[in-house]
Structure formats: C-alpha cells, structure tokens
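Spelled out, the chains give:
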Amino acid sequence: LTTSRCRLLKNTESNMTDQSTKNLSPRQASERVALTIKARKRKESQFLFIGQSAVAVAIGFLILLFAGILSKGIPGFFQHYVTLEVQLDAAKLDPTGQMTIESLSQGDFDGAVRDSLYLALGNPEGRKAKRDARKLISSGSSQRLMTYVLNHPQQMGSTVAMKFAVDDDVDSFLRGFISRETSEADRRISDLQISYIDILDAQNRLSYEISDYLFFGSASRDAEMAGIFGALIGSLFTLLVCIILAFPLGVGTAVYLEEMAPKNRLTEIIEININNLAAVPSVVYGIMGLAIFISVFGMPRSIPLVGGIVLALMTLPTIIISSRAAIRAVPPSIRDAALGIGASKIQTIVHHVLPLAMPGILTGTIIGMAQALGETAPLLMIGMVAFIVDVPTGVTDPGTVLPVQIFMWADFAERMFVQKTSAAIIILLAFLVSMNGAAIFLRKKLERRW
C-alpha cells in the first residue's frame, strides 16, 4: 500500500510538471531553461572558487611554514670562527714522540690554543682577563687541534693558522642577539670580552663560514660544537634494519593475501586488522617495543636494531596495503596468459605479476620509509633519546636518530641551538622530499599503462 501511494504521488507530480510546461510558450520555456543553466553555472563557479580558495590557503600556510623554518634554519648552517696562529711544539704536544692518540692525549693542546689566543689579544695580564679571554673560543678547540696534528704529523714544529669556533655567547653577540648597549649585568658576556672581540675583529680574525661542526659533529652540550653526523648515521642504520625486515615481510604478506589466500572469514579478519593497524598511533608501537624487545627479550636500549624493528612493525601495514593495491592493479589477462602457456602459480606471480606491480610496491615502500624517518614518539619510548656522543658503527651500538636529535636540541636554552634545530629540520625535510621524489620518479619510470 505504501509503495503504491508513493508511485501515485510521483506520477501526479510528474503530470503537474508536464502540464505546467505545456502551458508555457516556447520563448518562456527557453527562458526558464536559460535561467536553470545560469543558476547551475553559478553554483559550479562558486564551488570552483571555494576549491581554489582552499588550495590557496593551504599553499599560503605552507609558504609561512617554510619561510619560518628557512629564516631560522639557514643561519644555522653558518657560525663564526676565529683564526689563530698556533705553535706546534713537539715537546709540548707530543711528550713521548710516538704521534699516537695515546701520546697526543698527554699533550697540552689547551695550553697551545690559549697561548695563541693570548698572543692575538696582546698578552692580557691578570687572572680575570685571561679567564674572560679563554671564554671567547669553544671548549672543543683543543680536540680540533689534536685532530689536525694527528692528520698532519709533518706540520709538527711549525706555526699554522687554524680556525676555531667561537663560544656560542660570542656567536650570539656577533649575530646581533646580544647588544653591547645592554648593561653588563644583564648580558652573558662582559665588557672586557666585548673589547677582546673588537680587537679580533680589527685584526680580521673573525669570519662567518659554513659550520663544519653541524655536518661532522655529534651530540654536544656546547651549542657551537653540536652536529647531526652521529644522529644521521643512527638514522641510516635504523632505516636499514627497518627496510630489511619490513620490505620482504610486507610484500610476501601482500602476495599471499592477494594471490593465494582463500577468501574466507579468517582472511577478512586479517585484512581488517591490517587496515586498523595502519591507523594506530605510532607511540603504541614504541610501548610494544619497550614491553617486548627490551623488557622481555632484554635487548639494550637506544640501539638502531631495536629502533629498526619497532619502525618495521609500524611500517608494515603501509607496505602491505600499497603492495596489495599494486598487485590488484595488474590486469587478470596477464595471469591468464601466463597460466595458459603452462606457467605455475608461483612462476606467474614471480615472473609476471610482481615485476608489473613493482612500481607501486616501491612507491609504497619508500613512502613508508619516509614516514619512519620522521618518527620520534616510538623511538623515545625505547630510549633513543639518550645523550650519545660517539658515532655508532653498527646496529648494536648506542645511537640516536635525526628527529630525536631535533627534539633534544629544541629543549636546550642556548640561542645557537635555535638555529641549529631549524637547520636540522631543513636537512630532515630535504631527506623526506628526496625520498618522496624518488617514489614519484620510480612510479613514472617503471609504470605501464594498460
């Protein structure tokens, strides 16, 4: 009865519409059609304007984001150095004359750097004057001089001009963040130190150059010595473990579910859970890694091996889903042709389906690796936030990763860490953009259109 009533009402409405149309003249009918078309085009224009406005707002926010990062990050690639003439006295720097790390560690490299600095400043007298002079340059200057002597033993006994990083407070003063007009009690450098800076500047000893500490240094509490090299190596080791575990497991799972697994209740549950795991917060994987790999299996904290395993578990759903989509996109005629000429199921998959699906598989894998490269929360849970000075040489050596290093630097109070944090963000973004660019290139290079 209800269905019949609905049909009757629809027919009545249609008849009334037809009757109203018949009562119109051809001119009136064409005008009504023109008004309808005009209203439709107006709505389309409004919808197009809303879409373009949304894109413009998104691009504007991206421009503001990158402008803020670049304005703070580009200065982080540079720092101030002071050039000093250092006397390489063999008796003072290499007491045993063996020219080894053990022998040089007994030498007075701090004294050699201090003497060259005092000489450049006109040999200041008094304990306070010398103490303020020593604060002008980085505390790691002696290590820099030792490394130079170890790499250039033929220079022993001569006087060489070397560039040493200035202290981060001096660097902030030279950048203009500390004003000399501020009272001495309210700034981090004294009037005497400012006069020393003026002397060095008058002698053209100060220079503003690309920071080698940023690219080749490791974790340090001194802002002028801090660098990303150790974190970068740790990130590479972690990603290496991640891709070794995630890629074969992800592709194998995708092949089984798409090509071999029977379509029953069990496989449906597995597929649902895989899709749900892709939306799980990354910190949950870190908690799982802490509970299983560290607490149960007793693996050490803060090593790339554990970090790579945790990131592999986090990346697996992304690789599986993208690989299944790529395999599903291969036309069935390819499988039918291979089977028709006598190929087995495995031969069809290995020799025909996988090569054709590889562009999509590689794209999904690279995007998953890029996501893993930028993760911080799961690695914090397994202790990769530890302060590691040494550069890791393997997956079982203590280390950290670049996002965690950025997180740690952002928590430090020194002004120079602000620039170095932004510079490290730029480097991380460059890696992410490069990986996404590689994914686009591989997809365009290897894909086939059917």
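Treat the numbers as computed from the prediction; the structure is a model and nothing was measured.

Concerning the overall build of the chain
Okay, step 1: The helix and strand inventory of the chain stands at 19 helices and three strands.
Okay, step 2: Projected onto its principal axes, the C-alpha positions of the chain cover 110 × 65 × 40 Å.
Okay, step 3: Looking at the chain residue by residue over its 450 residues, the buried ones come to 40%.
Okay, step 4: Within the chain, counting contacts between residues at least 6 apart in sequence, those at least 24 apart form 76% of the total.
Okay, step 5: With an accessible surface of roughly 24900 Å², the chain has 62% of that area assigned to carbon and sulfur atoms.
Okay, step 6: Distance between charge centres in the chain, computed from 42 positive and 38 negative side chains, equals 17 Å.

A word on a positive patch on the surface
Okay, step 1: On the surface, R114, R127, K130, R131, R134 and K135 cluster together to form a positively charged patch.
Okay, step 2: Classification of K135 by relative accessible area gives partly exposed; the value is 46%.

Focus on the packing of aromatic side chains
Okay, step 1: According to the stated counting rule, one finds five aromatic pairs in the structure shown.
Okay, step 2: Measuring from centroid to centroid gives 6.1 Å for W409 and F417, while their planes differ by 45°, and the two rings are tilted. Each member of the pair, W409 as well as F417, is classed as buried.
Okay, step 3: Ring-pair connections join several aromatic residues into one group, and the members of that group are W409, F412 and F417.

Things to note about the side chain of S282
Okay, step 1: With respect to the secondary-structure elements, S282 resides in helix α13 (residues 282-296).
Okay, step 2: A relative accessible area of 18% means that S282 is categorised as buried.
Okay, step 3: Polar contacts involving the side chain of S282 include one to the side chain of E375, which spans 2.9 Å.
Okay, step 4: Each residue touching S282, except ones within four places of it in the same chain, is listed here: M314, E375, A377 and P378.

Regarding the environment of A185
Okay, step 1: Within the secondary structure, A185 is located in the loop between α8 (168-175) and α9 (191-202).
Okay, step 2: C-alpha separation for the pair A185 and V33, spaced 152 residues apart in sequence, amounts to 81 Å.

Quick notes on the pairing of strand β1 (residues 78-87)
On a regular strand, one side chain projects to one face of the sheet and the next to the other, so that they alternate.
Okay, step 1: β1 sits mainly inside the fold: seven of its ten residues count as buried.
Okay, step 2: Here five bridges tie β1 to strand β3 (residues 206-210), and the two strands are oriented antiparallel to one another. From the neighbouring strand, Q79 faces β3, where its bridge partner is E209.
Okay, step 3: Across seven bridges, β1 lies against strand β2 (residues 159-165) in antiparallel orientation.

Things to note about the pattern of salt bridges
Okay, step 1: What the rule picks out here adds up to 14 salt bridges.
Okay, step 2: Here E85 makes a salt bridge to R205, at a shortest N to O gap of 2.8 Å. Of this pair, E85 sits in strand β1 while R205 is found in the loop between α9 and β3, placing the two residues 120 residues apart along the sequence.
Okay, step 3: Classification of R205 as buried rests on a relative accessible area of 16%.
Okay, step 4: Here R175 ties to D171 by a salt bridge, and the two come within 2.3 Å at their closest N and O atoms. With R175 and D171 both in helix α8 and four residues apart, the pair spans about one turn of that helix.
Okay, step 5: We classify R175 as buried; its relative accessible area is 19%.
Okay, step 6: On the basis of relative accessible area, D171 is assigned to the buried category, the value being 2%.
Okay, step 7: Each of E258, E271, R324 and R328 takes part in one network of salt bridges that share partners.

The rules behind each value
In this numbering scheme, every chain counts its residues from 1 along its sequence in written order. Side-chain atom pairs in this predicted model are given and counted only at pLDDT of 80 or more, local residue features only at pLDDT of at least 70, and totals for whole chains, interfaces and linings cover all residues. Calculation of side-chain values draws on the structure's entire complement of heavy atoms; hydrogens and water are dropped beforehand. Note on conventions: DSSP H or I runs of at least 4 residues are helices, E runs of at least 2 residues are strands, and numbering of each starts at the N terminus. Only protein chains enter the accessibility calculation, which uses a 1.4 Å probe. A residue is then buried if its area is under 20% of the maximum for its type, exposed if over 50%, and partly exposed in between. For this analysis, residues touch if any pair of their heavy atoms sits within 4.5 Å. Working definition of accessibility: Shrake-Rupley area with a 1.4 Å probe, residue cover restricted to the visible protein chains. Charged-residue counts in this description rest on Lys and Arg as positive and Asp and Glu as negative, His and the chain ends being excluded. Every charge is mapped to an atom, namely NZ of Lys, CZ of Arg, CG of Asp or CD of Glu. Surface patches are defined over residues having more than 30% relative accessible area and no salt bridge, joining like charges when they lie within 9 Å and nonpolar side chains (Val, Leu, Ile, Met, Phe, Trp, Tyr) when within 5 Å. Think of a salt bridge as a Lys or Arg side-chain nitrogen and an Asp or Glu carboxyl oxygen that are within 4 Å of each other. Centres within 6.5 Å are what make two rings of Phe, Tyr or Trp a pair, Trp counting through its six-membered ring; a difference in plane orientation under 30 degrees is then read as stacked, over 60 as edge-to-face, and the rest as tilted. Polar contact is defined as a pair of N or O atoms within 3.5 Å, subject to the rule that within protein one atom must be able to donate a hydrogen and the other to accept it, and that residues adjacent in sequence are counted only when both atoms are side-chain atoms. DSSP-based pairing: two strands are paired if at least 2 bridges between them are found.

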